[in-house]
Amino acid sequence: MAQKQHKLSDLIQTNYREALTLARQQRATQKAGSTEAIQLSLLEAEAHFLSGSPRQALTILQTPIDPKFEQADLFTRQQLLACRVLTELGEFEQASLCLEKIVKVRAECAKRALVFAQARLHLVTGQLEDARSLLALSERSSSIAENAELELLLGLSLRDWKLADAVNHLETSVALSTSNALVQTEALLALADCHLRLDNIDAAQQVASTLEACPVPELRDSDVLRLRAKLAVASGENTAGVNTYQLAIAQAEAHERFEFARVLYLELANILEEAGQHVEALDAMKTAQHMSERQVAQSIRTREILSQNSHSVEQLRQAFNAEKQAHDELKSAHARLNAVLGLARGLTGTLDTQTLLRHSYQAISPYMAADAFFIALHNEAQAQLDILFAMDFGQLLPEQAVPLSKRDSYAVDCFTNQQTIIEDDAIGQGKESFFGTNTIGLPRSMLFVPLINREECLGVISIQSADANAYLTEDVELVEALAGFIAAALANALRHESIQQLNRALEAEKTALDRAHQRIEHLALHDQLTGLPNRRLLQRQVDQMIDDNLLFSIGYIDLNDFKPINDQFGHEAGDLLLNVLAARMRQVAKEKDLLVARIGGDEFILLAPKCSAEQTKLLLSGLLDRISQPIELPQSVVSVSACVGVAEFGNHGKSLQRLMSAADQALYQAKNSDDRVIIATAQG
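Residues numbered from 1 in each chain as written. Predicted model: local features only at pLDDT ≥ 70, side-chain atom pairs only at ≥ 80, totals over all residues. Heavy atoms only, no water.

A. How the structure looks around the nonpolar core. Counting 35 residues, the largest nonpolar core has Leu135 and Leu227 as the members making the most contacts within it. Residue assignment for this core shows that the elements contributing at least two residues are α7 (111-124), α8 (128-136), α9 (144-158), α10 (163-176), α11 (181-197), α12 (201-212) and α13 (221-234). Among the elements that take part in this core, α11 stands out by supplying nine residues, more than any other. If we skip the residues at most four places from it in the chain, Leu227 touches Leu189, Ala192, Leu196, Ala208 and Leu211. Of all hydrophobic cores here, the second largest spans 33 residues; its members include Leu581, Val596, Ala613 and Leu620. (Core = buried A, V, L, I, M, F, W, Y, C linked by side-chain atoms within 4.5 Å. Buried < 20%, exposed > 50% of the residue type's maximum accessible area, 1.4 Å probe, protein only. Helix = DSSP H or I, 4+ residues; strand = E, 2+ residues; numbered from the N terminus. Contact = heavy atoms within 4.5 Å.)

B. Focus on the packing of helix α19 (residues 353-364) against helix α21 (residues 473-525). Where α19 contacts α21, the two axes come as close as 10 Å, and the packing angle between them is 165°. The angle between α19 and α21 places the two elements in the roughly antiparallel class. Crossing handedness for the pair α19 and α21: right-handed. Mapping the contact onto sequence places Thr353, Leu356, Leu357, Ser360 and Ile364 in α19 and Leu482, Ile486, Ala489, Leu490, Ala493, Leu494 and Glu497 in α21. (Axes fitted to C-alpha atoms, helices over the stretch in contact; angles between N-to-C directions. Parallel < 35°, antiparallel > 145°, perpendicular 65-115°, else oblique. Left-handed = near helix turned anticlockwise from the far one by under 90°.)

C. Representation of unusual backbone geometry in the model. A positive phi is found at Asp199, a non-glycine position, where the angle reads about 60°. With respect to the secondary-structure elements, Asp199 resides in the loop between α11 and α12. Here Asp199 falls in the partly exposed class, since its relative accessible area comes to 43%. With a phi angle near 60°, Glu256 is a residue other than glycine that sits in the positive phi range. Structurally, Glu256 is set in the loop between α14 (238-254) and α15 (258-274).

D. Layout of the sheet that holds strand β9 (residues 595-600). Across the sheet, which stays open at both edges, the five strands sit in the order β9-β10-β8-β13-β14 with mixed pairing between neighbours. In this open sheet, the two edge strands, each paired with only one partner strand, are β9 and β14 (677-679). Looking at each pair of strands side by side, their axes are set apart by 20° on average, direction ignored. In terms of strand pairing, β9 meets strand β10 (residues 603-609) through five bridges, oriented antiparallel. Bridging from a neighbouring strand, Ala597 pairs with Ile605 of β10. Running at roughly 165° to strand β13 (residues 641-648), helix α25 (residues 613-627) makes contact with β8 (552-560), β10, β13 and β14 of the sheet. (Pairing = 2+ DSSP bridges.)

E. The arrangement of the packing of aromatic side chains in detail. Under the counting rule described, the total for this entry stands at six aromatic pairs. Geometrically, the ring pair formed by Tyr410 and Phe448 is stacked, given 5.3 Å between the ring centres and 20° between the ring planes. Remark: Phe448 occurs in strand β6 (residues 445-453) and Tyr410 occurs in helix α20 (residues 410-417); sequence separation between them is 38 residues. The two residues Tyr410 and Phe448 agree in class, both being buried. Aromatic side chains Phe552 and Phe649 sit 5.0 Å apart centroid to centroid with 10° between the ring planes, which places their arrangement in the stacked category. Of this pair, Phe552 sits in strand β8 while Phe649 is found in the loop between β13 and α26 (656-671), placing the two residues 97 residues apart along the sequence. Taking relative accessible area as the criterion, Phe552 reaches 0% and is therefore assigned buried. Over the ring of Phe260 we find Arg257; its NZ or CZ atom is 4.3 Å from the centre of that ring. (Phe/Tyr/Trp six-rings, centres within 6.5 Å; stacked < 30°, edge-to-face > 60°. Lys NZ or Arg CZ within 6 Å of the ring centre and 35° of its normal.)

F. Expanded view of the packing of α14 against α15. Here α14 crosses α15 at 165°, and the two axes come no closer than 9 Å. Classified by the interaxial angle, the pair formed by α14 and α15 is roughly antiparallel. The chirality of how α14 crosses α15 is left-handed. On α15, the residues that touch Asn238, Val242, Tyr245, Gln246, Ala248, Ile249, Ala252 and Glu253 of α14 are Phe258, Phe260, Ala261, Leu264, Tyr265, Glu267, Leu268, Ile271 and Leu272. Classifying every residue of the contact of α14 with α15 gives 13 nonpolar, two polar and two charged. (Nonpolar A, V, L, I, M, F, W, Y, C, P; charged D, E, K, R; others polar.)

G. View of α12. Taking 1.5 Å as the rise per residue, α12 with twelve residues should run 16 Å; its terminal C-alpha atoms sit 16 Å apart, in good agreement. Along α12, the positions that sit buried rather than exposed are Ala203, Ala204, Val207, Ala208 and Leu211. When α12 is viewed along its axis, its buried side chains cluster within an angular range of 145° and face the same direction. Those residues of α12 that are exposed and aimed more than 90 degrees away from the buried face are Asp202 and Gln206. The inward-facing, buried residues of α12 contact α11 and α13. (Expected span 1.5 Å × (residues − 1). Arc of directions from axis to C-beta.)

H. Structural detail: the pairing of strand β1 (residues 372-379). Among the eight residues that make up β1, seven are buried, leaving the element largely enclosed by the rest of the structure. In this sheet, strand β7 (residues 456-465) lies alongside β1 in antiparallel orientation, the contact comprising six bridges. Looking across to β7, one finds that Ala376 is bridged to Val460.

I. Expanded view of the environment of Glu280. Structurally, Glu280 is set in helix α16 (residues 278-306). Between the C-alpha atoms of Glu280 and Ala269, which are eleven residues apart in sequence, the distance is 7.4 Å.

J. Fine view of α11. For α11, built from 17 residues, the straight-helix expectation of 24 Å at 1.5 Å per residue is met to within 8% by its first-to-last C-alpha distance of 24 Å. Most of α11 sits out of view: 16 of its 17 residues are buried. Its side-chain oxygen placed 3.2 Å from the backbone nitrogen of Leu182, Asn180 serves as the N-cap of α11. Positive backbone phi, at 60°, marks Asp199, one or two positions downstream of α11. (Polar contact = N/O pair within 3.5 Å; in protein donor to acceptor, adjacent residues only side chain to side chain.)

K. Structural context of the pattern of salt bridges. Here the structure, examined in full by the defined rule, presents 20 salt bridges. With its nearest N and O atoms 3.1 Å apart, the salt bridge here joins Glu186 to Arg120. In this pair, Glu186 is assigned in helix α11 and Arg120 in helix α7, connecting sequence segments 66 residues apart. When its relative accessible area of 10% is taken as the criterion, Glu186 is described as buried. The class of Arg120 is buried, set by a relative accessible area of 12%. (Salt bridge = Lys/Arg side-chain N within 4 Å of Asp/Glu carboxyl O.)

Everything listed here is a matter of coordinates, which is why it stays silent on function.
Written out as structure tokens, the structure reads:
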């Protein structure tokens, strides 16, 4: 059996559809819940994932596995795969919970796999520095597959910072990942993207050709089509690029990758806008927004798959249906018992338990002697009857409880035997009849009736009189009839309270989810160390101004002498220095209505809306003066300076990437001249 599963694991990398069929066939022959059946279900889930069906994979991964003893390794594999699937679906908080489960039950197990999974989460949420810090702790191992994934993640973490280093890591990953189709595909895609960022179209074309010869998992088909589209656009073949983008979008939607489809629509909109096809670009932008709505709907469906408790929507619906059914039964009982309709009218007007108990007393007391009255409900957890409402000769008494073990209690006897008890004269009987004090005398006549709804005894109602022989047969029948109404009404009220608790729990879950989404959105758009906007938020702001055809310029800021300070005083001092400088730049930006983003170690971008390059240069003069002011570190007082390259939208480029490239060249000139700020040379 183990040999067959090993062959299946190898087959998944080359022919996951055949592997899926074999895994299903073999699992059908195994005992449910056995180790072999679980192993095959994990292989089946992995095959579904690679074939572009992450939701089916997630459904299979809901199989409960004992995290202890012999199934601990399977539990770890299950949670790691679930984390990967949830990450692909954009459910980052749920993915993190999978990793937390592994840490709790297997703190020493699969450390490298945990590091890789956590690093992926950091990467997709824009926490690049956290990812790099985490991966820096991982050393190369004897496993080629692990080293291939490590090199891939390192390359992805450096792609927005050090492109040359990223290329080296990704090329190493490609060379090592020949036995893992998914890792190899992701490495080749990232490598081609790096070459495109470096404007090396020929190199990107060569990587794309290599990709054509590799077994690409169906999960990544839309990514490959996206690469082809980018290459076509970069080569000036806009029509082919647009057509290929549409194919990539169709594939992404087919695999329910709605967030990725949204990104593709936005990229397509930019291409159409630059080509002057404004109507088509607007349609693409609108469809991108629709993809966001579909992603939210998908997120809800994913949570429904994950939810295996009483908070599920289906259970809530059933609870409401049950309440409606009980209400209908109550109405039918009223039609059959016209004689007591007036007495029971108030019982149907509320779902509040205390109001219902008070109405019960008010309905009965005018028709019979009720010097003492109480309703007690069964408390299963405490094995007692809780007297929630009691009147003793016109006075409301505090709540009390009667243990079910109490033998001298009429109420306990009535509840236990589920039969009516009538006592014409309790004097000398030696049983507890009621609690509390009164000024007239102890009750003598007592009536106890069980509150039964759908064959379940909910508690007891008792009416008592200070006179002996106070209750006639018709009084007993009336209370018994009313007891059915009261029991049904109480069942509704208790069920309503339970539903209200479910509603509050669901609302709390929704609030927590909204907060988590807001936190993820903030983390994705801001630098983890300084809190400044990151490159993603910068790109969003620039894209908006380009869409609105607004004038703006950028300043590429690079700190001088930061590395020596970092090396001399340590990373903590370096981080403190960066935070102080970030605060200064943030203050200047706020005063001048600018935006400052951190894009890497000691590199920042200043975005100046409605400013030409010359105007931006004047603004930067004041900013650089603030930067150069002394900073007090624990070890010493230091000063740093900075150089800036400036580029203006239109004159120096029509995209953020082009503007940053022009500003970077000007920055290089500034570092080798006496002028702290140099404006880029206009495009020819």
